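Coordinate inspection notes
One letter stands for each residue in the lines below.
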Amino acid sequence: MLADDPENIKRDLFSLIKSAEAVDRYTVRITLSEPFAPLLDNLATVFASIVPRADIDYKQVVIGTGPFVLDSFTRGTRYVYKRHPSYFEPGKPYLDEIDLHILRDFATRAAALRAGRIDVVDLLPYGQALPIIKEGTLVWERYQGIFSVHLRLNVAKAPLDNEKVRQALSLALNRQAIAIALGGGEGVVNGPVPNGLGRWAMDWRKLPFFTRDVAKARQILREAGFPNGFTIDAVGGSSPDNRRVILEAIKAQWAQIGVTLNFRLVDTATVQRVRFQKDFVILADNFTLSSDPDSYLFLEYHSKSSGNVGSYADQQVDRLLEAQRREIDPAKRQALVHQTQALIAQKAWIITTGDPIYVSLAWPYVKGFRHNNINQYLPLKNVWLDK
Amino acid sequence: MVGRWVRRHPVGALSALVLAGILAASAFAALVSPHDPYAQDYDALMRPPGGRYALGTDYLGRDVLSRTLYGGRMSLFISLAAIAAGTVAGTIIGLLSGFYGGWFDGIVQRVMDVMMALPSIILALALMAVLGPRTENVILAIATIIVPSLSRIVRGTVLQLRERQFVEAATALGASDARVLSRHVLPNTLAPIIVVATNALAGAILIEASLGFLGLGTQLPVPSWGNMLSEEARRYFEQAPWMALPPGIALSLTVLAVNFLGDALRDTMDPRLRRVHS
Amino acid sequence: MRPFLVRRLILGLAAVLGLSVLAFGLIRIIPGDAVMAQLAESGNVADLTAARAQLGLDRPFAVQYVAWLGGVVRGDLGTSFWSKRPVMQDLLAALPVSVELAVLAMVLSMLISLPLGAAAAARRGGAMDVGARLLSFSGLSVPHFWIATLVLLYGSIWFRWVPPLGYVSPRVSFGQNLEQFFIPAAILGVHLSARSLRLVRSSLLEALQEDYIRTAWAKGLPGARVLWGHALRNALIPILTILGSQFTYLLSGSVILEDIFSLSGIGRYVVEAITHRDYPAVQGAILFTGLVVVGVNLVIDLTYAWIDPRIRYQ
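Note that this is a predicted model, so its numbers are computed, not measured.

1. Focus: the overall build of chain B
For chain B, the helix and strand inventory stands at 13 helices and zero strands. For chain B, the spread of C-alpha atoms along the three principal axes comes to 75 × 50 × 30 Å. Buried residues in chain B amount to 55% of all 278 residues. Within chain B, contacts between residues separated by at least 24 positions form 70% of all contacts whose residues are at least 6 apart in sequence.

See the structure below:
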């Protein structure tokens, strides 16, 4: 297992796995060192992909047991999948072929969908999809995503080591406006756990410092020792570019409490490097995507976690994080998860803002398509075309 | 004399007028703009033109008219600065290269060849990737692009003039190189320089727009015509065309005016065509 | 003729060599590198150091440059970090797309600018002259990436039509191929025609002033025959220059349009390579483009020398 490499940022998703052994051809027995609630969800992420034996270079050869087989591809442009002839669910998949086009340009995507050259488009912010929805020719579905962009505050660097400063920064924000701007008309505000995760998320209005109060924010900043505000730098990835919209909005909003935000957008490679070396004051980043709140919480905030890049450390938080991991009972776990979020919002370690309402669009002849909240997966094994 | 020129080149004259108007509006953007181009009005996100906001608001509730004016100031400033810098550099290189010749000329021309072998946009992209997306770097990149063509024109003219008698006479009379260059050679290169520079200006404005469009130029929230035409303005073009049309139209109008003016200037300054007049 | 040819060849090669140093050095200055970019995609940091060594990024600049140059001479431009295929193979796959776009755009621009330029020159200052210039300048002034957006948007709304996604070779389907290319070619063609229009017009005007033209008129030859027969032939040299520079501009200059219309040409290849810090690809592509440019210019120079013997002895 590659999880033991110290350079692997995601390894704490699986750190509680003591051993894994193959019992027979189709069964693997995993032994944990303690109860681990997120196990099944983490195993379903892309970070737990089953790779072939060590003698096969899995980066060159594609082997898997899914409903579709990668037939040909032009990297970054187009991927063609054909039906897996011996898929374990009999009769499925119904589709013979999937043609996945990567179209970076929005105008091309929208145009191709309308002209019928594309059957399905997923993960479109509501505002952008609106004109197409209004035409009434396509079937659409709205949902909340889990892809929340947020600002990671590096608490090892001044003035962010001062909790009051962080709280003031959080309090000064008009998160609703940001969410609506992102969605082009409709959006939701996210707490530390995004709304797309359902019961694990919290109502943002209940989170401390999430409801805007500019006067109070200025006061807290004064108490923290910054009556005249200060200047601060942020780094963000340039794609996807809702980071830029968020940073633009935050810049204007923080200006009202005297804080000048200078941000710059860099390419993915630089973001990786900055994250790895913890060489930032504020980093506009996104979470590891999964259906379990653990990766939004433990991975980020536990003092010993491999994914803790903001130098966060607090014993109470640590205890809560470990407890929610161990708690198998969903109701009890939910309470713990909510408690943890409230505590993190109190400490204002990160600034979450908003997310668009997303839409998936499909032509009416596409049957059986339901989008999946975990944006990396497109479940297509139940889809068929009525053409 | 000006009157005669205006009558002979009505289109050019009109263009000059339009250009002057655009330049004035941009230069005095701070005075002319009705709103702060950075102020975000969250109650008026993507509002159509009318009421408080003459040309509507953008995705963060900012006034499009004010941003277009400030954007013009930025785009024109970048383009003019780049042309100025590139012209000065190109002229100096061309003068020296043409006048002294020899191995210096050989090497310089090879370097210019190399730079001209790459399409401008690729050179600009490569430079921006190395230097980073900032306004100053855009000026540098565009200036670099026009140096080769400008130096080539100047060099060509210098080569022609070098053999002329008045230059030889001046040198024979003991004038220093600098004097010969500045007094006799340079004035005669002005006409082609002006023509090339005007052409280059149109190109510079469009390259700035392309770089802004790709997100490699002036960074938002600071407006420039280029970056106002990118992402959000395109994505919401159907519902909110007022975000992209003002900068787009302003840009096209400016480039059109520059092109026509340049054409008129070229007609005026081309000595061969002048024969036809008389 | 031969010494002229040899001299131009040597100068061309020197330029290409300079270009190779430029390409090689430029990318090294950019922070970040392909390894990290790929890791961002895969999420697997495990073999970072190993990958670095494997890709030769740990050796000094000069050593790498010489090794690369050695490969180039043998036709090996290295292997792309991104696509994992030989760069030469990728470029040769991208070349027909760029060439087709360039040729179509150039043909269109000549179809527009030659007749319009001739008409404008024939009646200088007339309505035709101003009208033609107005039309073509408009094409030149509107940013072409914007026209592309508008065409795609309204094409899909009004006509329920969009160009095919993904390159379709003309051998596979001529119709689909044309569907893909005609809009970007049209946009570029109109864009280019403005430039060439101006030059066609002024070269024709200049040619019309020549003494031998006046002699032909004086002799009573019909005006049109004079125009098309003699003047145009002599305006050919500047027109050849235009074609040459248009081709080199189009070869990797139509970057944005290639991106919008999903055409995997050389321009797009270079941009993606720059974005992904794909060293071998950028170097290979710049060198390749440089070679093509030098080659095209050489052919043009030879054609000049062939048309106008005076040039050979400069």
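There is more to say after this.
2. Quick word on the side chain of Ser-141 of chain C
By secondary structure assignment, the location of Ser-141 of chain C is in helix 6 (residues 127-141). For Ser-141 of chain C, a relative accessible area of 1% corresponds to the buried category. One polar contact links the side chain of Ser-141 of chain C to the main-chain amide nitrogen of Leu-256 of chain B, over a distance of 3.4 Å. A polar side-chain atom of Ser-141 of chain C sits 3.5 Å from a polar atom in the side chain of Asn-259 of chain B. Ser-141 of chain C has contacts with Leu-206, Ser-252, Val-255, Leu-256 and Asn-259 of chain B, leaving out every residue within four places of it along the chain.

3. Notes on the pattern of salt bridges
Across all of its chains, the model carries 32 salt bridges over all chains by this definition. The residue Glu-97 of chain A makes a salt bridge to Lys-82 of chain A at a minimum N-O spacing of 3.4 Å. A residue pair is termed long-range when its members are at least 10 positions apart, and Glu-97 of chain A in strand 5 (residues 97-101) and Lys-82 of chain A in strand 4 (residues 78-83) qualify at 15 residues. On the basis of relative accessible area, Glu-97 of chain A is assigned to the partly exposed category, the value being 41%. Given a relative accessible area of 33%, Lys-82 of chain A falls into the partly exposed group. The shortest N-O distance in the salt bridge between Glu-232 of chain B and Arg-244 of chain A comes to 3.1 Å. Of this pair, Glu-232 of chain B sits in helix 11 (residues 231-235) while Arg-244 of chain A is found in helix 7 (residues 242-255), placing the two residues in two different chains. On the basis of relative accessible area, Glu-232 of chain B is assigned to the buried category, the value being 6%. The exposure class of Arg-244 of chain A is buried, given its relative accessible area of 7%.

4. What to know about the interface of chain B and chain A
Taken together, the contact between chain B and chain A spans 17 residues of the former and 25 residues of the latter. Buried area between chain B and chain A, summed over both chains or domains, comes out near 1,800 Å², and the portion from carbon and sulfur atoms is 53%. We note a salt bridge from Arg-114 of chain A to Glu-238 of chain B, for which the minimum N-O separation is 2.8 Å. Per-class residue counts for the side of chain B that touches chain A are eight nonpolar, three polar and six charged.

5. Side note on helix 11 (residues 330-347) of chain A
Taking 1.5 Å as the rise per residue, helix 11 of chain A with 18 residues should run 26 Å; its terminal C-alpha atoms sit 26 Å apart, in good agreement. Backbone geometry just downstream of helix 11 of chain A places Ala-348 of chain A in the positive-phi region, at approximately 50°.

6. Digging into the environment of Pro-86 of chain C
All names here are of chain C. Along the polypeptide, Pro-86 turns up in the loop between helix 4 (61-73) and helix 5 (87-122). Distance in space between the C-alpha atoms of Pro-86 and Asp-76 is 7.6 Å, their sequence separation being ten residues. Excluding anything up to four places from it in sequence, Pro-86 contacts Gly-78 and Thr-79.

7. Some words on the confidence of the model for chain B
Interpretation of the predicted coordinates at a detailed level should be avoided for regions scoring low in pLDDT. Residue and element names in this part refer to chain B. Residue-level pLDDT values for chain B average 85, and 95% of them are 70 or greater. Taken element by element, the predicted model of chain B shows its lowest mean pLDDT in helix 13 (residues 271-277) (42) and its highest in helix 4 (residues 64-100) (92). Here residues 273-278 is modelled with pLDDT under 50, and outside its nearest four sequence neighbours on either side it reaches eight contacts, counting other chains as well.

8. Description of helix 9 (residues 294-301) of chain A
Residue and element names in this part refer to chain A. Summarising burial for helix 9: eight of the eight residues are buried, a large majority. Looking at helix 9, one finds that the buried residues are Asp-294, Ser-295, Tyr-296, Leu-297, Phe-298, Leu-299, Glu-300 and Tyr-301. At its buried positions, helix 9 is contacted by helix 1 (39-43), strand 8 (149-153), helix 10 (315-326), helix 11 and strand 13 (350-352).

9. Topic: the interface of chain B and chain C
Counting residues at the interface gives 38 residues for chain B, matched by 44 residues for chain C. Between chain B and chain C, a total of about 3,800 Å² is buried, with carbon and sulfur atoms accounting for 72% of that surface. If you look at where chain B meets chain C, you find zero salt bridges. Joining chain B to chain C, the criterion identifies three residue pairs in polar contact (both at pLDDT 80 or more). Contributing elements (two or more residues each) for the side of chain B that touches chain C: helix 5 (102-117), helix 6 (120-131), helix 9 (177-213), helix 12 (245-269) and helix 13 of chain B.

10. Here we look at unusual backbone geometry
In this model, Ala-158 of chain A is joined to Pro-159 of chain A through a cis peptide bond whose omega is -5°. Its place among the elements puts Pro-159 of chain A in the loop between strand 8 and helix 4 (163-171). The peptide bond linking Leu-220 of chain B to Pro-221 of chain B adopts the cis configuration, its omega dihedral lying at 10°. Topologically, Pro-221 of chain B is positioned in the loop between helix 9 and helix 10 (225-228). Positive phi is not limited to glycine here, since Phe-209 of chain A has a value of about 70°. Its location among the elements puts Phe-209 of chain A in the loop between strand 9 (187-189) and helix 6 (214-223). Even without a glycine there, the phi angle at Arg-160 of chain C is positive, about 50°. Here Arg-160 of chain C lies in the loop between helix 7 (144-158) and helix 8 (174-209).

11. Here we look at the nonpolar core
Grouped together as the largest cluster of nonpolar side chains are 171 residues, with contacts concentrated most on Leu-169, Trp-254 and Leu-361 of chain A. With eleven residues, the single largest contributor to this core is helix 9 of chain B. Once residues within four sequence positions are removed from consideration, Trp-254 of chain A is found in contact with Leu-151, Leu-169, Ala-172, Leu-173, Ile-232, Val-259, Leu-261, Ile-282 and Ile-351 of chain A. With 24 residues, the next largest nonpolar core counts Tyr-143, Tyr-301, Val-337 and Tyr-358 of chain A among its residues.

12. Description of the sheet that holds strand 13 of chain A
Residues and elements named next belong to chain A. If you trace the five strands from one edge of the open sheet to the other, you get 11-10-12-8-13, paired in mixed fashion. Of all the strands in the sheet, just strand 11 (259-266) and strand 13 have a single pairing partner and so form its edges. Going across the sheet, the axis of each strand differs from the next one's by a mean of 25°, ignoring polarity. In the sheet, strand 10 (residues 230-237) pairs with strand 11 via eight bridges, with the strands oriented parallel. The residue of strand 11 that forms the bridge with Gly-236 is Leu-265. Contacts between helix 7 and the sheet are confined to strand 8, strand 10, strand 11, strand 12 (282-286) and strand 13, with strand 11 contributing the most and set at about 165° to the helix.

13. Describing the sheet that holds strand 4 of chain A
All names here are of chain A. Strand order in the open sheet formed by three strands is 3-4-5, with antiparallel pairing between adjacent strands. The open sheet has two edge strands with one neighbour each: strand 3 (68-74) and strand 5. Between one strand and the next, the sheet's axes are offset by a mean angle of 20°, whatever the strand orientation. Where strand 3 lies against strand 4, six bridges are found, and the strand directions are antiparallel. Bridging across to strand 4, Phe-73 finds its partner in Tyr-79.

14. Quick look at the pairing of strand 8 of chain A
Residue and element names in this part refer to chain A. With five of five residues buried, strand 8 lies mostly within the body of the structure. Here strand 8 shows no split at all, with Val-149, Leu-151 and Leu-153 on one side and His-150 and Arg-152 on the other all buried. Where strand 8 and strand 12 come together, five bridges link them in antiparallel fashion. Across the sheet, the residue bridging to Arg-152 is Leu-283, located in strand 12. Where strand 8 meets strand 13, three bridges bridge the pair, whose relative direction is antiparallel. Bridge pairing in strand 13 places His-150 opposite Thr-352.

Rules used throughout
- Residues numbered from 1 in each chain as written.
- Chains lettered and ligands numbered in written order.
- Predicted model: local features only at pLDDT ≥ 70, side-chain atom pairs only at ≥ 80, totals over all residues.
- Heavy atoms only, no water.
- Helix = DSSP H or I, 4+ residues; strand = E, 2+ residues; numbered from the N terminus.
- Buried < 20%, exposed > 50% of the residue type's maximum accessible area, 1.4 Å probe, protein only.
- Contact = heavy atoms within 4.5 Å.
- Polar contact = N/O pair within 3.5 Å; in protein donor to acceptor, adjacent residues only side chain to side chain.
- Salt bridge = Lys/Arg side-chain N within 4 Å of Asp/Glu carboxyl O.
- Buried area = accessible area lost by both parts, 1.4 Å probe.
- Nonpolar A, V, L, I, M, F, W, Y, C, P; charged D, E, K, R; others polar.
- Expected span 1.5 Å × (residues − 1).
- pLDDT = per-residue confidence, 0-100.
- Core = buried A, V, L, I, M, F, W, Y, C linked by side-chain atoms within 4.5 Å.
- Pairing = 2+ DSSP bridges.
- Axes fitted to C-alpha atoms, helices over the stretch in contact; angles between N-to-C directions.

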